[in-house]
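# Structure at a glance
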Amino acid sequence: MAADADHIEVLPPGDEPGRWQPVVGDVTTQLREYFLDSRLLPTREGADRVIAEAHHVLQRCNSPRSNAPRRIGLVCGYVQSGKTASMTAVAALARDNGFRIILLLAGVTTNLVIQNRDRMETQLREAAPEWTWLMVSNPRLPNGLPPIEGLVQEWRSEHYDERDRRTLFITVMKNHRHLANLAALLSRVDLRGIPAIIFDDEADQASLNTRPNDPLASTTYRKIEELRDTVPTHTYLQYTATPQAPLLITRIDSLSADFAELVSPGDGYTGGQEFFRGPLPLVETIPPADIFPDGQLLVEPPESMVRAMQVFFTGVAAGRLQPVRSHRSMLLHPSRATDTHRRYHDWANALKDIWHRTLLDHNEPDRPELIEEFRRAHTDLAGTLDNLPPFDQLLARLPVAINQTAITLVNSVDGHEVPWQNGYSHILVGGEKLGRGYTVKGLTVTYMPRSPGGWTADTIQQRARFFGYHRDYLGYCRVYLHQEVRTAYVSYVTHEDDMRARLTEHSGRPLQEWRRMFYLDERLAPTRRNILASPWMRASLDRDGWFAPKGPQNAPEDGRHNARLLSRLDGLDFTPHEEYPRHSYAVMYLRDLYEQVLVPLSYLHENDALGLCVVNCNIKTLIENDNDARCLVYRMDAGQPPRVRQLTNGLIPQVFQGRSSAGAASYPGDRAFFDQTMTTVQLHNLHLQEGNNHIGDFLIIAIRLGRHKALLVHDDP
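Residues numbered from 1 in each chain as written. Predicted model: local features only at pLDDT ≥ 70, side-chain atom pairs only at ≥ 80, totals over all residues. Heavy atoms only, no water.

This paragraph deals with the overall build of the protein chain. A tally of helices and strands in the protein chain yields 19 helices and 23 strands. A principal-axis box enclosing the C-alpha atoms of the protein chain has dimensions of 85 × 80 × 55 Å. The contacts of the protein chain with a sequence gap of at least 6 include a subset with a gap of at least 24, amounting to 78%. Accessible surface, the protein chain: about 30,600 Å² in total, of which carbon and sulfur atoms supply 48%. Charge separation in the protein chain, taken as the distance between the mean sites of 78 positive and 88 negative side-chain charges, equals 3 Å. (Helix = DSSP H or I, 4+ residues; strand = E, 2+ residues; numbered from the N terminus. Contact = heavy atoms within 4.5 Å. Areas by Shrake-Rupley, 256 points an atom, 1.4 Å probe, with all protein chains shown as cover. Lys, Arg positive; Asp, Glu negative; His and termini not counted. Charge placed at Lys NZ, Arg CZ, Asp CG, Glu CD.)

Structure follows, in structure tokens:
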């Protein structure tokens, strides 16, 4: 991308019908410079990337000079990755290109609404003179009407220069009362033909219809629809890091997206790859003995929590010896129950007080033991840090680090806002309010004994506040998790990579045409079921990792198309099996099998088609990891007459021949012919008949994947 401050390289419109070319004007260029000057985006490359991706998003929105029907886009980022910067850049571009209204649905909690509103308003006012914006929050009748009526007059007047036309920026809480108030206000003004962008932040939360099969939709969903009706000429942009719910709702839903775009994290971002696949040992499992159900907590805090706090305070002491650039924080997220929050809050305060007093009192008998515990915490951090100050140097700073750390209870019942301005280091204790969308400044240590609950993938991922821009101090980061939650995060990383890769492959095409299918651990549900009009299903192989079609005759040209593809394997150099020479085998490149045979192979029976899809998706991943991977191909009963298979309800009950009645030593059965180290293919020549009706001979394929991941499939129309 170009480095010239007056020119930002953007993508061409592409071939999608209706795609247009937004102008990168003064507001967007000034926003880019503000990102750099404020170090919100510390590198020019990173700032240019945000602007270029925002430009690509706006390209797929309706043009402000178009009378096209309203449009919906899904914009997918990562947890804690800077989605607000993307929304701000899209808003700046919208201002440059003549959009009149920017509407932000900012969240369901007051702290999240304030956080996102303040960020976007501050940044946009830096990008253009503040009088070019009319910024209001949760407006309502009657006071909100006169200013908007005045704006509509200047938007429609021929006597205003474009630079004198202001942009309306409205922030509204995603609450049915606030949405209804705003809809009532805007309905009093004729906004037909006035181009608008509506941002739905955390779009998978609260916006979607939780009663998809009922005649009356859920309240917040209805109020969003009423609000959209008051702004007829708009594009609705759904921003989220967990797009499972928006992707899986029925495609005829009014909030089903027309297109999807991905936004990449900025420089210095650390996410699932660094924590769960990276080289540093940053994640530790909380022992089962330290995890207690709500209402059954012990009097003393669990040992793992004690160690986590000692690691945190040691890191704070080290941070205070360096030039202070940001905060250092610890997050205690034990449960959704507020009574449990209070207990952990009390434990944290008690440990803080006793450690501070003990370290200051050289006559305290427990002081030597406590110092050794902190020394072990120092050794732990030294394993991931090359420049950690010596322990004796940190020991002198520990009392200050401990005493000046603020501990704040943050929940919706008896919690408070975090007083960031009053200290360098903080410990936050809470649950749901510290989840989705909330930014914990300078987070280094997370202690989360909470279980996975219903094993809902998007919910678990949204609790990952420990993702974020931690590259400069990643070695100080530690995450303590429930064992099952740790397992869920490891699986989610694969799921997220696969989902984003599939969306990338589909980029530029209508999302309605995208088949909803991706890897997901069998224990995880993609999202809550109450938003889905029809259920999703899992497509997997049998317990031994085999796929074999049960209805090979249900295929194009009654199976002849597949037979021609499989006959391509006849040219391999087969060798008779040493012990069972009626079978022969050969080795070939897995990519050749995939490209020449498996991709064009086709089955019309749903289960066969899904099974083949599971095979192809997994093999594609294997090839991406090892382009030279081989596979083993067996010709079963080569040169022998076809085996007869009697169909039941049109399907083969069992493709494989079982082991001999004389025992496995005589013949172990077809399933025994595979290689543990590579994908195995078997070619079976079968004669199919149903009753006295002879259907014909079929050459069919059976494939074994030693390890495979199941696919989640949701093909709701």
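What follows concerns the state of the cysteines. Linking two cysteines covalently via their sulfur atoms produces the bond known as a disulfide. Scanning all chains against the criterion turns up zero disulfides. Cysteine Cys631 is unpaired, with the sulfur of Cys617 as its nearest cysteine sulfur at 17 Å. A residue is classified by how much of its surface remains accessible, and Cys631, at 0% relative accessible area, is buried. (Disulfide = S-S within 2.5 Å. Buried < 20%, exposed > 50% of the residue type's maximum accessible area, 1.4 Å probe, protein only.)

Relative orientation of the contacting elements helix α1 (residues 26–37) and helix α2 (residues 44–59) amounts to 145°, with a least axis distance of 9 Å. Between α1 and α2 the crossing geometry is right-handed. Contacts between α1 and α2 involve Thr28, Arg32, Glu33, Phe35 and Leu36 from the former and Arg44, Ala47, Asp48, Val50 and Ile51 from the latter. Here the residues of the contact of α1 with α2 are counted per class, giving five nonpolar, one polar and four charged. (Axes fitted to C-alpha atoms, helices over the stretch in contact; angles between N-to-C directions. Left-handed = near helix turned anticlockwise from the far one by under 90°. Nonpolar A, V, L, I, M, F, W, Y, C, P; charged D, E, K, R; others polar.)

With that settled, the discussion passes to helix α5 (residues 145–156). For α5, with 12 residues, the first-to-last C-alpha span of 17 Å sits near the 16 Å given by 1.5 Å per residue. Taken together, the buried positions of α5 are Leu145, Ile148, Leu151, Val152, Glu154 and Trp155. Buried positions along α5 lie against β2 (101–105), β3 (133–137), β4 (167–172) and α6 (176–186). (Expected span 1.5 Å × (residues − 1).)

Taken in spatial order, the six strands of this open sheet run β8-β13-β12-β9-β11-β10, and their pairing is parallel. Every interior strand has two partners, whereas the edge strands, β8 (283–285) and β10 (406–410), have only one. The average angle at which neighbouring strand axes cross in this sheet is 15°, direction not considered. Where β10 and strand β11 (residues 425–430) come together, five bridges link them in parallel fashion. Looking across to β11, one finds that Val410 is bridged to Gly430. (Pairing = 2+ DSSP bridges.)

Topologically, Asn62 is positioned in the loop between α2 and β1 (71–76). A polar contact of 2.5 Å, which involves the side chain of Asn62, links it to the backbone oxygen of Pro69. Those residues in contact with Asn62 that lie beyond four places of it in its chain are Trp20, Ala68, Pro69, Arg70, Arg71, Phe99, His234 and Thr235. (Polar contact = N/O pair within 3.5 Å; in protein donor to acceptor, adjacent residues only side chain to side chain.)

As a further point, take the pattern of salt bridges. Tallied over the full model, the rule gives 38 salt bridges. Residue Glu274 is joined to Arg471 by a salt bridge in which the shortest nitrogen-to-oxygen separation is 3.1 Å. Of this pair, Glu274 sits in helix α9 (residues 272–276) while Arg471 is found in the loop between α15 (457–462) and β13 (478–481), placing the two residues 197 residues apart along the sequence. Judged by its relative accessible area of 40%, Arg471 falls in the partly exposed class. Linking Glu505 and Lys620 is a salt bridge whose minimum nitrogen-to-oxygen distance equals 2.4 Å. Placement of Glu505 in helix α16 (residues 483–505) and of Lys620 in helix α19 (residues 606–625) is noted, with a sequence separation of 115 residues between them. Owing to a relative accessible area of 46%, Glu505 belongs among the partly exposed residues under this scheme. The exposure class of Lys620 is partly exposed, given its relative accessible area of 27%. (Salt bridge = Lys/Arg side-chain N within 4 Å of Asp/Glu carboxyl O.)

All right, on to the environment of Arg486 then. Relative to the assigned elements, Arg486 resides in helix α16. Between the alpha carbons of Arg486 and Val429 there is a distance of 20 Å; along the sequence they are 57 residues apart. Setting aside chain neighbours within four positions, we find Arg486 in contact with Phe276, Val283, Glu284, Thr285 and Leu481. One polar contact links the side chain of Arg486 to the main-chain carbonyl oxygen of Val283, over a distance of 3.4 Å.

This next bit is on the packing of helix α10 (residues 303–320) against helix α11 (residues 338–360). Following both chains from N to C, one finds α10 and α11 inclined at 55°, their axes separated by 11 Å at the closest point. It follows from the interaxial angle that α10 and α11 lie oblique. As for the relative orientation of α10 and α11, their crossing is right-handed in sense. The residues of α11 that touch α10, namely those facing Met305, Val306, Met309, Gln310 and Phe313, are Tyr344, Trp347, Ala348, Leu351 and Trp355. (Parallel < 35°, antiparallel > 145°, perpendicular 65-115°, else oblique.)

Looking now at the pairing of β4. Judged by how many residues are buried, β4 sits mostly within the fold: six of six residues are covered. In β4, alternate side chains face the same way, and those of Thr167, Phe169 and Thr171 on one face and Leu168, Ile170 and Val172 on the other are all buried. Pairing analysis gives five bridges linking β2 to β4, with the strands arranged parallel. Residue pairing for β4: Leu104 is matched across the bridge by Thr171. Bridge count between β3 and β4: five bridges; the pairing is parallel. By the bridge assignment for β4, Ser137 is matched with Thr171. In this fold, β3 hands off to α5, which returns the chain to β4; that crossover is right-handed. (Right-handed = clockwise from strand over helix to strand, strands pointing away.)

Let us now look at the packing of aromatic side chains. The tally for this structure, following the rule as stated, stands at 23 aromatic pairs. Taken together, the aromatic side chains of Phe275, Phe276, Phe466, Phe467 and Tyr489 make up a single cluster linked through ring pairs. Positioned above the aromatic ring of Tyr473 is the side chain of Arg328, whose terminal nitrogen or guanidinium carbon lies 5.3 Å from the ring centre. A cation sits over an aromatic face here: Arg582 above Tyr667, 4.4 Å from the ring centre. (Phe/Tyr/Trp six-rings, centres within 6.5 Å; stacked < 30°, edge-to-face > 60°. Lys NZ or Arg CZ within 6 Å of the ring centre and 35° of its normal.)

Attention now moves to the sheet that holds β4. Note: strands within a sheet are paired through backbone hydrogen bonds, in either parallel or antiparallel orientation. Read across the sheet, seven strands follow the order β3-β4-β2-β5-β6-β1-β7 without closing on themselves; strand pairing throughout is parallel. Each edge of the open sheet is held by one strand with a lone partner, namely β3 and β7 (259–262). Adjacent strand axes in the sheet meet at a mean angle of 20°, parallel and antiparallel pairs treated alike. Of the pairings in the sheet, the one linking β2 to strand β5 (residues 196–201) comprises five bridges and is parallel in character. By the bridge assignment for β5, Leu103 is matched with Ile198. In the packing of helix α3 (residues 83–96) onto the sheet, contacts are made with β2, β3, β4, β5 and β6 (234–240), and the angle to β6 comes to roughly 165°. Along the sheet, α16 contacts β1 and β7; its crossing angle with β7, the most-contacted strand, is approximately 120°.

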